[in-house]
Amino acid sequence: MLALSAGCERAAAPPPVVPVTARVAADRSVCLGYNGLDRLNPAAEVRAGRFRVPGVPPVRVATGTDVDWGLDPHGNRTWQLWLHSLEWLGGAIKEYGRTGDRAALDTATGIVRDWLADNDDPRRFGKHRREAIAEGTKFRLATLVCLRRHRSGRWLDDAIAEHARWLADPAHYSGPWNHGTDESMILMTAGCGIGRDDLAELGLRRLREAILDPPGGARPAIDAEGANNEQSAYYAVYNRSRWRLAFRVMHRCGRPVPAELARRHRLLDEFIAFQTTPAGDLVQIGESQAADASEIGSPGDGPLGYVASQGRAGTPPAARARVYQAGYVMGRSGWGRDGRAFTDEMSYTARFGPGRYAHGQNDHMALTFHALGRDVLVPSGHIGYSDPAWQEWLRSPDAHNTVVVRDVPFQPGAATALTAHRFRRGADTFSFTDTAFTGTTRSRSVLAASGPDALVVLDDVRAPAPRAVEQLWHLPPAFTAVPRGTGAVATAGRVRVHFLRIPLPGTAPSPARTVRGSLNPKQGWVAPGHRRKAPAPVVSLPGRGARVRMLTLIAPVRGTERPDVRVRPLRGGGVRVDASFSGHRLVFVAGPDGGILRVR
């Protein structure tokens with residue numbers, strides 16, 4: 001474990017304060033910030049001995065600079081972690097930087113020295129405190145580096161070196177995702193700050209390898225197509241900002257940013273752009289909170305700037321639809337440049353690829369859909385990490401727009417293959433297959449149509465014995481949904497979404513069900529963010545058998561219109577469907593082999 005007592009027994013005389021401008025000019029480190037804890041804990045609160053984290057009231061933790069590091073008033077490991085991170089001292093450090101308030105800096109320095117003295121041998125503490133000390137190392141090191149820009153002393157350099165030594169241990173490296181990115185750039189900037197080129201070079205090497213040659217067979221943090229590996233739209237945005245900071249660390253340390261890292265980082269903007277809707281929202285793919293693209297910092301003048309401004313600035317992606325081999329099919333009817341307003345376009349996403357990793361969810365084959373200016377199909381979202389039961393459900397296939405198999409184990413590590421795709425204006429088609437539910441094979445084919453905007457989904461589930469199967473379709477809370485025979489209708493304002501189960505030869509569709517806000521079992525919920533959830537309708541289209549084939553047309557319309565649908569069986573088990581709605585005609589063929597083709 002940690003041994004971070006270096007220098008604590010030295011003379012206790014107040015260390016010198018070096019003028020800010022001279023100190024910063026000589027220091028090659030970068031203050032990486034405080035994860036927002038500086039705003040929650042301004043200098044006056046730090047001097048008063050109070051500490052606060054999001055979502056809970058402040059707690060008195062100190063008398064002067066003497067902190068009770070064993071406190072855990074909420075029984076919350078995250079609270080303990082942030083206490084031991086020392087990032088809550090950022091408000092006091094920044095106050096000195098802004099105003100020259102030496103008392104604020106002395107308070108921050110005294111608390112740092114108190115931490116070093118009181119936590120020099122973590123082995124004597126309980127498990128939770130030891131874990132908070134260990135997990136807080138990178139954040140604490142970043143805080144020490146920020147403090148060093150204003151306060152000099154051998155004791156501080158020794159503490160920085162000891163923290164960096166711990167991070168340098170391969171056993172403490174998290175790998176090629178945001179935790180590892182932070183560890184590597186913190187290690188690099190700390191090494192540059194105290195003149196330890198060996199530590200700086202190690203941090204730089206880990207940053208390069210995370211993208212160009214990730215260890216342990218992991219996918220690159222940003223792959224050659226620009227896709228982030230964390231399987232989360234929110235964390236793609238977060239990682240974009242962290243890598244921008246990592247590049248700043250490289251520049252400050254006098255190391256050039258590798259050209260391939262810069263190229264992939266630029267491509268990340270387009271990857272994020274495809275995960276936004278025409279309304280400007282970030283799709284909640286993976287562990288993602290609801291967010292607006294316009295809130296993304298420094299969007300630039302490329303694809304991200306284009307979607308953040310809803311087409312008023314920037315440059316749209318060159319393609320209308322794309323496959324990312326990291327596990328995404330994403331597209332839209334257009335980017336607002338071909339006679340259709342940006343906000344009137346249709347968009348969709350679909351997931352496949354490797355099993356769940358980092359901040360991903362078990363969302364393979366899941367679809368999202370935006371049409372008629374509204375989100376129609378949505379993921380169930382992300383509630384944060386403080387409620388494991390809800391977190392587990394939100395990760396599950398039941399919380400996504402996919403097909404589930406009942407009463408057999410689900411394998412989160414199973415990969416899903418993209419078996420075919422073809423992008424044509426008005427008719428994007430793609431197909432997936434996997435064996436993620438034990439002993440069964442799932443296959444899904446999708447037609448994403450525009451003019452009229454609609455989804456057509458053909459699921460084929462095969463098992464050695466009869467199984468209960470459900471197509472699940474999650475709508476936003478603003479909708480209400482009611483069953484209608486083997487299908488359902490959902491309504492929000494003037495928009496109605498018809499879920500039409502198309503009969504297939506040899507199948508006997510079961511009545512549809514709708515669920516909203518069920519707790520036992522959990523179903524029918526959307527979580528827009530930390531500790532927030534709202535009841536929302538889910539349409540369930542069930543089936544049962546050793547082979548279950550389900551063909552569904554999802555048709556959004558305005559007003560009371562009902563789509564006119566005619567079905568003609570084809571030889572071999574396929575069908576030809578002729579549907580008219582929203583002033584357009586959609587004619588497609590669903591073949592017995594699982595393929596879907598739009599013919600008009």
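Residues numbered from 1 in each chain as written. Predicted model: local features only at pLDDT ≥ 70, side-chain atom pairs only at ≥ 80, totals over all residues. Heavy atoms only, no water.

1. Concerning the state of the cysteines
Right, so step 1: All chains considered together, the criterion is met by two disulfides.
Right, so step 2: Two residues, C31 and C146, share a disulfide whose sulfurs are 2.0 Å apart. Its S-S torsion of about 95° marks the bond between C31 and C146 as right-handed, since a negative value means left-handed. Of this pair, C31 sits in the loop between α1 (20-26) and α2 (37-40) while C146 is found in helix α8 (residues 137-148), placing the two residues 115 residues apart along the sequence.
Right, so step 3: Look at C146 and you get buried, because its relative accessible area is 1%.
Right, so step 4: Each sulfur in the disulfide pair C192 and C253 lies 2.1 Å from the other. Its S-S torsion of approximately 135° makes the covalent link between C192 and C253 right-handed. Within this pair, whereas C192 is found in helix α10 (residues 178-194), its partner C253 is found in the loop between α12 (233-252) and α13 (259-273), the two being separated by 61 residues in sequence. (Disulfide = S-S within 2.5 Å. Helix = DSSP H or I, 4+ residues; strand = E, 2+ residues; numbered from the N terminus. Buried < 20%, exposed > 50% of the residue type's maximum accessible area, 1.4 Å probe, protein only.)

2. Observations regarding the sheet that holds strand β11 (residues 374-377)
Right, so step 1: Strands sit in the order β7-β8-β9-β10-β11 across an open sheet of five strands; the sheet is antiparallel. Since the sheet does not close on itself, it has two edges, and those belong to β7 (321-324) and β11, each with one partner. Going from strand to strand, the sheet's axes swing by 10° on average, the running direction of each strand aside.
Right, so step 2: Bridging between strand β9 (residues 347-351) and strand β10 (residues 367-371) involves four bridges; their strand directions are antiparallel. From the neighbouring strand, S347 faces β10, where its bridge partner is H370. (Pairing = 2+ DSSP bridges. Axes fitted to C-alpha atoms, helices over the stretch in contact; angles between N-to-C directions.)

3. Some points on helix α6 (residues 102-118)
Right, so step 1: Here α6 is 17 residues long and its end C-alpha atoms lie 24 Å apart, about the 24 Å a rise of 1.5 Å per residue gives.
Right, so step 2: Within α6, the full set of buried residues consists of A104, L105, T107, A108, T109, G110, I111, V112, R113, D114, W115 and L116. (Expected span 1.5 Å × (residues − 1).)

4. Some remarks on unusual backbone geometry
Right, so step 1: Geometrically, the link from G451 to P452 is a cis peptide bond, its omega value of 0° lying close to zero.
Right, so step 2: For P452, the position within the fold is in the loop between β15 (441-449) and β16 (454-474).
Right, so step 3: Within the chain, Q310 stands out as a residue other than glycine whose phi angle is a positive 50°.
Right, so step 4: Position of Q310 relative to the elements: it lies in the loop between α14 (303-308) and β7.
Right, so step 5: Overall, Q310 belongs to the partly exposed group, its relative accessible area being 24%.
Right, so step 6: Unlike most non-glycine residues, L372 shows phi in positive territory, near 55°.
Right, so step 7: Among the secondary structure elements, L372 is positioned in the loop between β10 and β11.

5. Observations regarding the sheet that holds strand β26 (residues 564-569)
Across a sheet, strands are paired by hydrogen bonds formed along the backbone, either parallel or antiparallel in direction.
Right, so step 1: Read across the sheet, four strands follow the order β26-β27-β28-β29 without closing on themselves; strand pairing throughout is antiparallel. Two strands in the sheet have a free side with no partner beyond their single neighbour: β26 and β29 (596-598). With strand direction ignored, the average angle separating the axes of adjacent strands in the sheet is 20°.

Limitation: the analysis is restricted to geometry and does not speak to function.
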